[in-house]
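# Commentary on secondary and tertiary structure
Spelled out from the first residue to the last, the chains are:
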Amino acid sequence: MNDSSWEAPPRAGYWGPPDQGPGQGATPAGPAYDAQDALFPSETQPMPIVPDVPVSGGDQDDDRGATRMGGPLFRDEPPQEPMPSAPQPAPAAPQKKSAGRDLGAAIGVGVGLGAVIIASLFIVKAVFIGVIAVAVVVGLWELTSRLEERKGIKAPLVPLAVGGAAMVVAGYVRGAEGAWVAMALTALAVLVWRMTEPPEGYLKDVTAGVFAAFYVPFLATFVALMLTADDGPQRVLTFLLLTVVSDTGAYAIGWRFGKHKLAPRISPGKTREGLLGAVTFAMAAGALCMQFLIDDGIWWQGLLIGFAVAVSATLGDLGESMIKRDLGIKDMGTLLPGHGGIMDRLDSLLPTAPVVWLLLVVFVGSG
């Protein structure tokens, strides 16, 4: 703390050192004076008044001829009318929700596929097994192609396609044991086939190959296992109907009433309301199918199967959506107009097949 802090403050209106009073050459302070006026009084001049002079030069934009009236500048010319503002566009009408796909093409392709499946299912079972095998091979081709294009992962397609088709046939001919043996041999074939190429990327390639073998053909084998029962066509039809009805209920209710997202980071289009619609529709269809299609089936068993189908189909759809998001694609393929690729139709069917097969075995036996 310095000594000046102990001195009394100067009186109001006093400029100068504290040891001088107002009578010792001090200059009174006030609105007309400041420190510069006290030192250099001759430099302070009053503001000259400029007379009003018309502005020359037509539209010349300057301040000549203007008068400052203690505020904004005023000109002698008459004020111009303000330019009319441009009309604002009318607000756009709210647009209706869109399905995001060619609905006509989707319905046409769906009806065509359904006709082929139903005809092969109830006429010759072996033809239906061939339909499953073809779908598996095409699905493997789509999956491995996208993996190579987007991630540089080269899962060997040849052993996957041959082993996948063999897996489906083995499941139909030899049951679950045959399916497991074919799965193991397919995985082994993938490991050996990849050895013919350089070792760089070997681990990720064979890992993707084994995953593809399990994800597509092995899960599809459970459809062939359902077909081996005496009422096999009815069991497969129940499985297909429940999955389709679940997807339809989710779409219809979610599109109309969906507000709360189910898994926005994975599939922004899915809602909790859509899941509720899937459960409701699938349970109702399950009760009808078990009562009228399945031998010794009871309606309440169909309620449980329908609930399980809605959950597994939704999880399967989310699973493939996770894969597609990781790959940065919208669809796995373009083979089916309005649907995408084969894998875009198998996404909910594949994980649902073992669920329906197991519940049917528990409720009515393997048949």
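Higher on the page you've got the structure.
Residues numbered from 1 in each chain as written. Predicted model: local features only at pLDDT ≥ 70, side-chain atom pairs only at ≥ 80, totals over all residues. Heavy atoms only, no water.

## Here's the deal with the packing of helix α6 (residues 232–257) against helix α8 (residues 299–327)
It is the contact of α6 with α8, at a shortest axis distance of 9 Å, that shows an interaxial angle of 65 degrees. Along this stretch, α6 crosses α8, giving a crossing that reads as right-handed. Taking contact as the criterion, the partners of L242, T243, S246 and D247 in α6 are, on α8, I305, V309, A310 and A313. A class-by-class count of the residues in the contact of α6 with α8 yields 5 nonpolar, 2 polar and 1 charged. (Axes fitted to C-alpha atoms, helices over the stretch in contact; angles between N-to-C directions. Helix = DSSP H or I, 4+ residues; strand = E, 2+ residues; numbered from the N terminus. Left-handed = near helix turned anticlockwise from the far one by under 90°. Contact = heavy atoms within 4.5 Å. Nonpolar A, V, L, I, M, F, W, Y, C, P; charged D, E, K, R; others polar.)

## Regarding the environment of V168
Inspection of the secondary structure assignment puts V168 in helix α4 (residues 157–194). On the basis of relative accessibility, which here comes to 0%, the residue V168 falls in the buried class. Residues V168 and A220, 52 residues apart in the sequence, show an inter-C-alpha distance of 7.0 Å. Leave out the neighbours within four places in its chain, and V168 touches I129, I132, V136, P217, T221 and A224. (Buried < 20%, exposed > 50% of the residue type's maximum accessible area, 1.4 Å probe, protein only.)

## Overview of the pattern of salt bridges
All told, the structure shown has 7 salt bridges when counted by the stated rule. A salt bridge links R146 to E149; the shortest N-O distance between them is 3.1 Å. Residue R146 and its partner E149 are located together in helix α3 (residues 125–151), separated by 3 residues, close to a single helical turn. By relative accessible area, R146 is classed as buried at 13%. Of the charged contacts, one joins K324 and D344 as a salt bridge, the two residues approaching to 3.0 Å between their closest N and O atoms. Highlighted residues: K324 in helix α8 and D344 in helix α9 (residues 342–346), separated in sequence by 20 residues. A single salt-bridge network, built from bridges that share partners, covers E320, K324 and D344. (Salt bridge = Lys/Arg side-chain N within 4 Å of Asp/Glu carboxyl O.)

## As for the nonpolar core
The biggest cluster of nonpolar side chains holds 57 residues, and the ones touching the most others in it are I132, V223, M226, V236 and F239. Here this core takes 15 residues from helix α5 (residues 202–227), the largest share from any one element. Leave out the neighbours within four places in its chain, and I132 touches V168, A220, V223 and A224. (Core = buried A, V, L, I, M, F, W, Y, C linked by side-chain atoms within 4.5 Å.)

## A few points about the pairing of strand β4 (residues 267–271)
Bridge count between strand β3 (residues 261–263) and β4: 2 bridges; the pairing is antiparallel. In the strand pairing of β4, A263 is matched with S267. In sequence, β3 turns back onto β4 through a hairpin of 3 residues. (Pairing = 2+ DSSP bridges.)

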